[in-house]
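# Working through the structure, step by step
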Amino acid sequence: GGPLINLNGEVVGINTAIFSRSGGYQGVGFAIPIDIARFVSDQLVKHGKVKRAYLGAAIQPLTPELAKEFRVSGNQGALVSKVMPESPAEKAGLKRGDVVIRIGEEPVSSPNELVSRVEETPIGETRTLAVIRDGKQQSIDVTLREQPRDYGRRIAAGDDEAEEGESKTVNALGLDVGELTSEVAEQLGLKDAKGVVITRVE
């Protein structure tokens with residue numbers, strides 16, 4: 001625990017753990033980035049709890065194969081695999097098959113990056129998403145709303161209507177999961193498989 005300080009005396013993170021095989025320090029530490037810590041602390045001071053914005057679209061990494069299929073140059077971005085009913089994404093006109101490459105002026109290189117940018121956006125504000133649809137770039141304005149209070153529990157329970165899905169973060173388990181599409185199943189050498197793919201473990 002405690003602050004992680006750089007050579008200029010600036011706090012750049014909050015220490016959380018060290019790597020050790022024997023109980024001694026091995027020279028590798030882990031810390032929460034200061035931007036995340038500041039966001040959480042500001043939310044706690046202002047609201048007494050952490051309020052996060054949400055988009056309401058299930059997204060997955062854009063592999064080279066998927067980039068080719070959706071006519072996107074390179075493999076930077078987040079592929080929309082599902083849009084939740086009555087969500088900010090649906091109301092803004094986001095569609096399955098869209099590839100989000102930028103939010104505001106910030107490029108999107110992965111689903112996790114998009115999730116972070118969305119969650120840290122002030123609730124009620126509108127952000128412009130740059131998306132590739134049918135091989136052409138277009139802009140979509142989306143007004144972000146507050147993530148439902150029981151969001152994590154309902155995702156874990158498989159409630160599609162509440163399923164956030166930007167990363168489909170299962171908060172209670174500390175996992176990020178993505179849809180097991182036929183393309184992903186083929187890459188993993190699976191046939192007739194059902195379920196989800198674990199994309200990140202906290």
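It should be emphasised that the depicted structure is a prediction, and the values quoted were computed from it without experimental measurement.

### Section: the nonpolar core
Ranked by size, the top nonpolar core spans 19 residues in total, and within it L55, L94, V100, L114 and L129 carry the most contacts. Among the elements of the structure, β5 (57–61), β6 (78–83), β7 (99–103), α4 (111–119), β9 (126–133) and β10 (136–143) are those that each provide at least two residues to this core. Considering each element in turn, this core owes the most residues, three residues, to α4. With residues up to four places along the chain from it excluded, the contact list for L114 reads I59, A78, V100, I103 and V108.

### Notes on the pattern of salt bridges
Enumeration according to the criterion identifies six salt bridges in this entry. The partner of D98 in a salt bridge is R133, with the nearest N and O atoms 2.7 Å apart. One end of the pair, D98, is in the loop between α3 (88–92) and β7; the other, R133, is in strand β9, and 35 residues separate them in sequence. Neither D98 nor R133 differs from the other in exposure class; each is buried.

### With respect to the environment of E69
As for its position among the elements, E69 is in helix α2 (residues 64–69). Residue classification places E69 among the partly exposed residues on the basis of a relative accessible area of 45%. Considered as a pair, E69 and G135 are 66 residues apart in the sequence and their alpha carbons are 9.6 Å apart.

### As for the confidence of the model for the chain
Per-residue pLDDT for the chain averages 81, and the proportion of residues at 70 or more is 88%. Below a pLDDT of 50 lies the segment residues 160–169, which in the model reaches 45 contacts outside its immediate sequence neighbourhood of four places, other chains included.

### Structural notes on the sheet that holds strand β3 (residues 29–33)
Across a sheet, paired strands are connected by hydrogen bonds in the backbone, their directions being either parallel or antiparallel. Reading across from one edge, β1-β2-β3 is the order of the three strands in this open sheet, with antiparallel pairing throughout. Strand pairing shows two members of the sheet lacking a second neighbour, β1 (3–5) and β3, which therefore form its edges. Direction aside, the axes of adjacent strands within the sheet are offset by 50 degrees on average. Where helix α1 (residues 34–47) meets the sheet, its contacts fall on β2 (11–18) and β3, and the angle it forms with β3 comes to roughly 50 degrees.

### Describing α4
Three or more residues of α4 are buried, namely P111, L114, V115, V118 and E119. Projected onto a plane normal to the axis of α4, the buried residues spread over an arc of 125 degrees and lie on a single side. Buried residues in α4 make contact with α1, β4 (53–54), β5, β6 and β7.

### Remarks on the pairing of β6
Note that β5 and β6 share five bridges and pair antiparallel. Opposite P61, over in β6, you have A78 as the bridge partner. Taken together, the two bridges between β6 and β7 define a ladder with antiparallel strand orientation. Paired with A78 across the strands is V100, a residue of β7.

Analysis parameters
- Residues numbered from 1 in each chain as written.
- Predicted model: local features only at pLDDT ≥ 70, side-chain atom pairs only at ≥ 80, totals over all residues.
- Heavy atoms only, no water.
- Core = buried A, V, L, I, M, F, W, Y, C linked by side-chain atoms within 4.5 Å.
- Buried < 20%, exposed > 50% of the residue type's maximum accessible area, 1.4 Å probe, protein only.
- Helix = DSSP H or I, 4+ residues; strand = E, 2+ residues; numbered from the N terminus.
- Contact = heavy atoms within 4.5 Å.
- Salt bridge = Lys/Arg side-chain N within 4 Å of Asp/Glu carboxyl O.
- pLDDT = per-residue confidence, 0-100.
- Pairing = 2+ DSSP bridges.
- Axes fitted to C-alpha atoms, helices over the stretch in contact; angles between N-to-C directions.
- Arc of directions from axis to C-beta.

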